[in-house]
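Below are the chains, spelled out letter by letter.
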Amino acid sequence: MRNSATARLLIMSVLGILLLVPLSWVSSIVTERASRRAAAVEEVSGTWGGPQTVGGPVLAVPYTVTWVDNLGHQQRASARAFFLPRSVQIDGHVATELRSRGIFEVPVYRATLKVMGVFTRPNLDWVRPVPKQIDWDQATVQIGLGDPHGVAGRAALQWRGREMPFAGGADEVGLFHTGLHAPLPSLEAEAAGADLPFAFTLELNGTRDLRFLPAAGETAITMTSPWPHPSFSGMALPETRSIAGNGFGAQWRVQDFGRAYAAQWTSAEMNRELLASQAAASAFGVSLIQPVDIYQQAERAVKYSVLFVSLTFMVFFLWEVFSATLLHPMQYAFVGFAICVFYLLLLSISEHTGFDRAYLAASSVTTVLIAGYAASVLRGLARGASVLAALATLYGFLYLLLRLEDYALLAGSVGLFLILAFIMFVTRRMNWYEMKLGERA
């Protein structure tokens, strides 16, 4: 019974199940290394500047209201009315570099944003209760930033021929919670509906993401960068974009009807959580990605490990069937452990050389190791060469699945069908009930 094909398949199945233990260990190592990389990104973000979301500018006008309560007492409260500009134009250049923390490299950027636009001098006739007093001389311009720590230089607002320095901190606008603000000259003498042009330049340090809020009737953004691997995301994609080996360029033009929040609101009536969530949903921009995430690729490779072990065992089993050779279960176990070590080699080498070179090195040494072992235990160089060819095909197939992300399912299903068809073809005349391994088929 112990030499029957059925018994051998049962032993192989048990070994495959036992190999799930080291394979799960390898998977946990991949997860742990990815977590360490994430910690390195957080450390760099903490010192350089985190992901940036630029909101605004927003014009904030303080006002005071009075009313009589149910007891006949006069009450008084202060609030702010917020207004978005009629139009905003942003011209940005994003310079990039790689910062290292240990063996991990983190892409960071310094964005130079030249912002210009036009506010319309507001009126507060729509505010209820009707304001008792409007403090036009206390109006400010607010700018939202995801991480104000990343502001690289002093910034000043150009307003009606005057320069108004920005200071740290932003009012509770709702759209954002952190940023900068600049005081304005009194707006009381300005006619209602008059154009109020503005301009300023921001230099921002950030990590990976640079996003914007559509904070005007029309928000137009032009951006260039030497980074060759952008990922555009968010509510609006660029109208035009160009990506080449020396960088990218993109242009957005976003209208106000594409966002969920209004062009004016007050601090007294706004729902802060709702406004913040609407702003987050409306954000758009670019992420500076690294084209090959070695941990994502390693994780995907480990997901195919059970299939890979099964197919490798099948190669050795077929040689048992078609030759007078009987393999011990420990020999199968050694082959299985060699495959587990492949994934460790792939992960450890890729952290230093990149995924493609690591895959070539790890798959090559593993294939040579198993093929050399097969030539010895199967007693023949030709048999070892056939194992070498089979493993090279399997590793090439796995690499194809890892690289063809969009077509991995199609390639995988077709490949598995062809492998199954081949195995069914070569074993089509076997009598599995009477097959004894160690005897010629």
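Residues numbered from 1 in each chain as written. Predicted model: local features only at pLDDT ≥ 70, side-chain atom pairs only at ≥ 80, totals over all residues. Heavy atoms only, no water.

K.L.:
Looking at this structure, how should I read the nonpolar core?
P.N.:
Note that soluble globular proteins tend to have their nonpolar side chains buried in a common cluster. Counting residues in hydrophobic clusters, the biggest one holds 52 residues, and the most contacted among them are Leu59, Leu113, Leu157, Trp159, Leu210, Phe212 and Trp252. Among all residues touching Leu210, those that are not within four sequence positions of it are Gln52, Val54, Val94, Tyr109, Ala111, Met223, Phe284, Gly285 and Val286. Counting residues in each nonpolar core, the second largest holds 47 residues, with Ile29, Ala333, Ala338 and Leu394 among its members. (Core = buried A, V, L, I, M, F, W, Y, C linked by side-chain atoms within 4.5 Å. Buried < 20%, exposed > 50% of the residue type's maximum accessible area, 1.4 Å probe, protein only. Contact = heavy atoms within 4.5 Å.)

K.L.:
Honestly, the pairing of strand β3 (residues 87-101) in this entry has me stumped. Any pointers?
P.N.:
The side chains of a regular strand alternate between the sheet's two faces. Pairing analysis gives 15 bridges linking β3 to strand β4 (residues 104-120), with the strands arranged antiparallel. Considered in β4, the bridge of Ala95 is made with Arg110. Connecting β3 to the antiparallel partner β4 that follows it, the hairpin turn spans two residues, and Gly102 within it adopts a positive phi of roughly 65°. Direction of pairing for β3 relative to strand β13 (residues 218-225): parallel, over a ladder of seven bridges. Its bridge partner lying in β13, Gly92 is registered against Met223. (Pairing = 2+ DSSP bridges. Helix = DSSP H or I, 4+ residues; strand = E, 2+ residues; numbered from the N terminus.)

K.L.:
Explain a nonpolar patch on the surface here, please?
P.N.:
Among the surface-exposed residues, Leu400, Leu404, Tyr407, Leu410, Val414, Phe417 and Leu418 lie close enough to one another that they form a single nonpolar patch of about 710 Å² accessible area. Note on placement: Val414 falls in helix α9 (residues 408-426). Given the relative accessible area of 43%, Val414 is considered partly exposed. (Patch = residues over 30% accessible without salt bridge, like charges linked within 9 Å, V, L, I, M, F, W, Y side chains within 5 Å. Areas by Shrake-Rupley, 256 points an atom, 1.4 Å probe, with all protein chains shown as cover. Salt bridge = Lys/Arg side-chain N within 4 Å of Asp/Glu carboxyl O.)

K.L.:
It is not clear to me how the packing of helix α8 (residues 381-403) against α9 should be interpreted in this structure. Could you clarify?
P.N.:
Each pair of packed helices can be described by the angle between their axes along with the distance between the axes. Running from N to C, α8 and α9 cross one another at 160°; their axes reach a closest spacing of 9 Å. Here α9 runs roughly antiparallel to α8, going by the angle between their axes. Here α8 contributes Leu394, Phe397, Leu400 and Leu401 to the contact with α9, which in turn contributes Ala408, Ala411, Gly412, Gly415, Leu416 and Ile419. A class-by-class count of the residues in the contact of α8 with α9 yields eight nonpolar, two polar and no charged. (Axes fitted to C-alpha atoms, helices over the stretch in contact; angles between N-to-C directions. Parallel < 35°, antiparallel > 145°, perpendicular 65-115°, else oblique. Nonpolar A, V, L, I, M, F, W, Y, C, P; charged D, E, K, R; others polar.)

K.L.:
I keep staring at the side chain of Glu351 and nothing clicks. Help me out?
P.N.:
You can see Glu351 is positioned in helix α6 (residues 329-353). Under the relative-accessibility criterion, Glu351 is labelled buried at 13%. Polar contacts involving the side chain of Glu351 include one to the side chain of Arg33, which spans 2.8 Å. Once you skip the residues sitting within four places of it in the chain, Glu351 turns out to touch Arg33, Ile103, Phe104, Ile294 and Tyr295. (Polar contact = N/O pair within 3.5 Å; in protein donor to acceptor, adjacent residues only side chain to side chain.)

K.L.:
For this particular structure, what's the right way to read helix α5 (residues 305-322)?
P.N.:
Given 3.6 residues per helical turn, the α-helix brings residues three or four places apart onto the same face. Taking 1.5 Å as the rise per residue, α5 with 18 residues should run 26 Å; its terminal C-alpha atoms sit 26 Å apart, in good agreement. Every buried residue belonging to α5 is among Ser305, Phe308, Val309, Leu311, Thr312, Phe313, Val315, Phe316, Phe317, Leu318, Glu320 and Val321, and all of these are buried. (Expected span 1.5 Å × (residues − 1).)

K.L.:
Whenever I open this one, the packing of aromatic side chains confuses me. Can you help?
P.N.:
Two measures describe an aromatic ring pair: the distance that separates the ring centres and the angle between the ring planes. One pass over the full model with this rule turns up 21 aromatic pairs. On the numbers, 5.7 Å between centres and 40° between planes, the contact of Phe82 with Trp265 is tilted. One end of the pair, Phe82, is in strand β2 (residues 74-83); the other, Trp265, is in strand β17 (residues 264-266), and 183 residues separate them in sequence. Pair check on accessibility: Phe82 and Trp265 agree, each one buried. (Phe/Tyr/Trp six-rings, centres within 6.5 Å; stacked < 30°, edge-to-face > 60°.)

K.L.:
Whenever I open this one, the packing of α5 against α6 confuses me. Can you help?
P.N.:
Where α5 meets α6, the axes come as close as 10 Å, and the angle between the chain directions of the two elements is 145°. The way α5 lies across α6 gives a crossing that is right-handed. Here Ser305, Phe308, Val309, Thr312, Phe313, Phe316, Phe317 and Glu320 of α5 come into contact with α6, specifically with Tyr332, Val335, Gly336, Ile339 and Tyr343. (Left-handed = near helix turned anticlockwise from the far one by under 90°.)

K.L.:
Mind showing me how you'd approach the pattern of salt bridges here?
P.N.:
Where charged atoms from two side chains of opposite charge come close, those side chains can pair. Summed over all chains, the structure comprises eight salt bridges. Two residues, Arg99 and Glu97, come together in a salt bridge whose shortest N-O distance is 2.9 Å. For Arg99, a relative accessible area of 32% puts it in the partly exposed group. Judged by relative accessible area, which is 35%, Glu97 ranks as partly exposed.

K.L.:
I would appreciate a short explanation of the sheet that holds strand β16 (residues 247-255) in the present structure.
P.N.:
Hydrogen bonds between backbone atoms are what pair the strands of a sheet, whose relative direction is either parallel or antiparallel. With mixed pairing, eight strands are arranged side by side in an open sheet as β8-β7-β11-β4-β3-β13-β16-β15. The sheet terminates laterally at β8 (162-165) and β15 (240-244), the two strands that pair on one side only. Neighbouring strand axes in the sheet, compared pairwise and without regard to direction, differ in orientation by 15° on average. This element, helix α2 (residues 20-48), spans β3, β4 and β11 (195-207) of the sheet and lies at about 45° to β4.

K.L.:
Please explain helix α4 (residues 294-303) as it appears in this structure.
P.N.:
In terms of burial, α4 is largely enclosed, as seven of its ten residues are buried. If you check which residues of α4 are buried, you get Ile294, Tyr295, Gln297, Ala298, Arg300, Ala301 and Val302.

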